[in-house]
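Summary of structural features
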Amino acid sequence: MTKKQQGELRRWIAFSAIVVALFALIMLGKSIAERSGVLDDTGLIGSDSTIDVGLIDAPKSLDIRTEQGTAVEQALLGNVYETLIGRDENNKLIPSLANSWSTSKDGRTVTLHLRGNTTFSNGDALDADDVVWSFNQIISKKYGGYERLGSVASVSADDSSTVVLTLREPDATLLRALSGRSGIVYDSTADLDYTTQALGSGPFIVGRTYKQGSIITLQRNDRYWDSKKAASAQVTLHYYGDESSLLEAAAEGKVELALPLEHTSIADIGKRTGMKAVQGSSTSKVMLVFNCGTDSPMSDLRTRQSFRYLIDTAAVASSATDAKQALGGPIGPLEPGYEDLTGVYPHDQAKAAQMLTYYSTRYFGDLTFLVPQEYQALGAQINDYLKQGTSNLTAINPDMQVVDDATLSQRLKSGDFKIALVSVDGTDNVDLFNGVDNTLQYQNGEAQQEYQQAVTSTNATDYATHMATFARTVSQDAAAAWLYERGINIAVNPKLSGYPVNLTDEILPLKDLTLDKQH
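Residues numbered from 1 in each chain as written. Predicted model: local features only at pLDDT ≥ 70, side-chain atom pairs only at ≥ 80, totals over all residues. Heavy atoms only, no water.

1. Details of the environment of Pro336
Within the secondary structure, Pro336 sits in the loop between β14 (323-326) and α9 (349-356). The class for Pro336 is partly exposed, based on a relative accessible area of 30%. Separated by 124 residues in the primary sequence, Pro336 and Ala460 have C-alpha atoms spaced 8.4 Å apart. The contacts of Pro336, once residues within four sequence positions are left out, are Arg176, Ile331, Tyr463, Ala464 and Met467. (Helix = DSSP H or I, 4+ residues; strand = E, 2+ residues; numbered from the N terminus. Buried < 20%, exposed > 50% of the residue type's maximum accessible area, 1.4 Å probe, protein only. Contact = heavy atoms within 4.5 Å.)

Set out below in C-alpha cells:
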C-alpha cells in the first residue's frame, strides 16, 4: 500500500469515526429532549413530561355514576369526564361542552348550545342525542347528581347541537348543577366496566396502570376534540394513607404536587418538603352547629347568641392550619350572595356573660358536645371559650365527646347531641338552614322564604340578592356559629406550572399541568 493510499485510509477512518460520534450525540440529544418534552408536535417545553400528584383518600371505584364522595370527582371531573357547563377557579360558570346557554324570561326553559365537532375519547361523536340520553340515565337510574335535577320535567334535542330543558318551576341552581355530576355527558354506545374504566370527552383517558386505592394514571387523550391538548403526556395520581406519608413523599421528590395538607401550616410545608407552599380557597366550612329541637337549650335564641359572642372566630381562624379566613354566615367568598358577616356577633365575653345571667345554673345540664377526631384540638379551643360563660348564676360545662366520622354522622341524624363541630363540603351547609334538611331542627320562616325566592329566581342577580338576605337572616338568628372557610394547603414543585389552586378539594383540572425542565 502506497503512502498516498495509507493517508486516504487514515482520513476515511477518521471521517467515519466523526460521523459515528455525531450520530451518537444526535441520538442522545433526541432521547434527552424527548424525556424533557422539548421535542414534540406542539413545541411546548414539558409537553411530553410525566407528572406525579400526591393525594389523600382514594376513590373506592372509578364509577362516577355511583361512587359516593368527592374523591372520584376530584380525579376524573374535568380530566376524563367533561360537563355541560364548567367552573373556573373563582367558582364562576364558564362554557364547557355547551359554549353558550340561555334561560327564558319565566325561568322554565333552559337552552344549551353545544360545541361542534366534539367527540368522546374513543372517537364517537358527542351530540345532543348523547346529552338527552345522559340526562335520562342520570334521572331514571339515580346516578350521582340526579337529586339536583328535580326541577327538570323533560329534555329534548332541537337539533344535533341544541338541547332544551323544560322545567316544572324556575331553578336558579340548575346551571351550577350542570357543572358537576349532573352535567356529565356519557357515551350511549360505550361498553365498559365503570368500576375500573372510564370513558368521557376530556383531555385525559385512564391508563391501564389503575390500582384501586393506590394509583390512577391519566394519559393524554390524543383524540381530544379541542386543538389544545393536555400539556403533559401523563399525570399519575398517587394516594397516600395519611398526611404524614404525603408530606414524606413530597420531601423525597416522589410527587411534584401534594394536596391537601390540612394539618400542616403553610410555613411548615416549605420547611418539611422543600417545595413551594400555596394556599387556595374552597367552599368548605367549619362550624359549630346547634340542636334547635324543643328539648335542647339551643332552641332559645338568647342561648345561641351568647355562644356566638363567646367564641372568638378571628382567633380560631388565625390558629387553625386549614383556615383561609373567618366566616360569620353560611355563604363563603366564592359563592353567590357572599357578604362579610363576621361583625354580626363579634367576640364579646362581657356581653355574653350578661345575657347568660338569664339562665339558672342547671339550665344547660348535660351539654353534649360532639367533636370529630381530626378536630380534637379545635374542639378543646371551643370548649374553653364556652366555659368562659360560666358564672355564679350560670354553669356551662360542655361534655366534649371525640367521635369518628361515622358516629358523628349517625348521632347528628338521630339528634343525639346539643352542639357539634362539623366540616361541610361545598354549598351543602345551606340545606341545614333552608328547611330541606332538618338535622338541626332549625326553622325560620323568613330565611326559608328568602331561600325559596332565591332558587326560583329567573336570573343570577336576583338569586345572589336573595341568597345574601337568606345568609344574613340565619346569621342574625344565630342558627350556627360559623368559624372559617377551609383553605387548601398545597406543596408545589417550583418547576411546575398550570396547576389549579382554588376548589381543588372538589375539582382538580390537570389539563394545563406541565413541568418546566429549564426553570
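2. A short note on unusual backbone geometry
Here the bond from Leu259 into Pro260 is cis, since omega is -10°, no more than 30 degrees from zero. Within the secondary structure, Pro260 is located in the loop between β11 (257-258) and α6 (266-273). Even without a glycine there, the phi angle at Asn117 is positive, about 60°. Assignment of secondary structure puts Asn117 in the loop between β5 (109-114) and α3 (128-140). Take Asn117: its relative accessible area is 76%, and that puts it in the exposed class.

3. Overview of the pairing of strand β6 (residues 152-159)
Put simply, side chains in a regular strand alternate between the two faces of the sheet. Pairing analysis gives six bridges linking β6 to strand β7 (residues 162-167), with the strands arranged antiparallel. Bridged to Ser154 within β7 is Thr166. The hairpin turn running from β6 into β7, its antiparallel successor, is two residues long. (Pairing = 2+ DSSP bridges.)

4. Points about empty space enclosed by the protein
All told, the structure shown has two cavities of 30 Å³ or more when counted by the stated rule. The space that makes up the largest cavity amounts to roughly 40 Å³. Lining the largest cavity are Arg308, Thr313, Leu327, Gly328, Leu341, Thr342, Tyr345 and Trp482. Each residue belonging to the lining of the largest cavity can be placed in one class, and the counts come to four nonpolar, three polar and one charged. A volume near 30 Å³ is recorded for the second largest cavity. For the second largest cavity, the full set of lining residues is Leu84, Val131, Ser134, Phe135, Ile138, Ser182, Gly183, Ile184 and Val185. (1 Å grid on protein atoms, 1.4 Å probe; cavity = no way out; pocket = protein on both sides within 12 Å on 5 of 7 lines; lining within 4 Å. Points joined across faces, edges and corners; volume = space filled by probe spheres on them. Nonpolar A, V, L, I, M, F, W, Y, C, P; charged D, E, K, R; others polar.)

5. Comments concerning the layout of surface pockets
In this structure, the second largest pocket occupies an estimated 660 Å³ of space. Lining of the second largest pocket is provided by 28 residues; of these, Gly78, Gly86, Arg87, Ile94 and Pro509 occupy positions nearest its centre. Within the residue set of the lining of the second largest pocket, elements represented by two or more residues are β2 (85-87) and β3 (93-95). Taken together, the residues that form the lining of the second largest pocket break down as twelve nonpolar, seven polar and nine charged.

6. Concerning the nonpolar core
The biggest cluster of nonpolar side chains holds 67 residues, and the ones touching the most others in it are Val53, Leu76, Tyr81, Leu165, Leu218 and Leu237. The leading source of residues in this core is α3, at five residues. If you look at the next biggest cluster of nonpolar residues, it comprises 66 residues, including Leu310, Ile396, Leu432 and Ala478. (Core = buried A, V, L, I, M, F, W, Y, C linked by side-chain atoms within 4.5 Å.)

7. Structural notes on the environment of Ser154
If you trace the backbone, Ser154 turns up in strand β6. Along the primary structure Ser154 and Thr109 are separated by 45 residues, whereas in three dimensions their C-alpha atoms are 10.0 Å apart. Here Ser154 is in contact with Val164, Leu165 and Thr166, once residues within four sequence places are set aside.

8. With respect to the side chain of Lys285
As for its position among the elements, Lys285 is in strand β13 (residues 285-290). Of note is the side chain of Lys285, whose polar atom sits 2.8 Å from the side chain of Glu335. (Polar contact = N/O pair within 3.5 Å; in protein donor to acceptor, adjacent residues only side chain to side chain.)

9. Digging into the side chain of Arg87
Inspection of the secondary structure assignment puts Arg87 in strand β2. Residue Arg87 is classed as buried on the basis of its relative accessible area, which comes to 19%. A polar atom in the side chain of Arg87 sits 3.0 Å from the side chain of Asn91. A polar atom in the side chain of Arg87 sits 3.4 Å from the side chain of Glu506. Excluding anything up to four places from it in sequence, Arg87 contacts Lys92, Leu93, Ile94, Arg176, Ser179, Leu503, Glu506 and Ile507.

10. So, the sheet that holds β13
Spatial ordering of the open sheet is given by β14-β18-β13-β17-β15-β16, a layout of six strands whose pairing is mixed. Edge positions in the open sheet fall to β14 and β16 (399-403), since each of these has one partner strand only. Taken over all neighbouring pairs, the strand axes of this sheet differ in orientation by 30° on average, direction set aside. Relative to strand β17 (residues 419-424), strand β15 (residues 368-372) runs parallel, the two sharing two bridges. Considered in β17, the bridge of Phe369 is made with Ile419. (Axes fitted to C-alpha atoms, helices over the stretch in contact; angles between N-to-C directions.)

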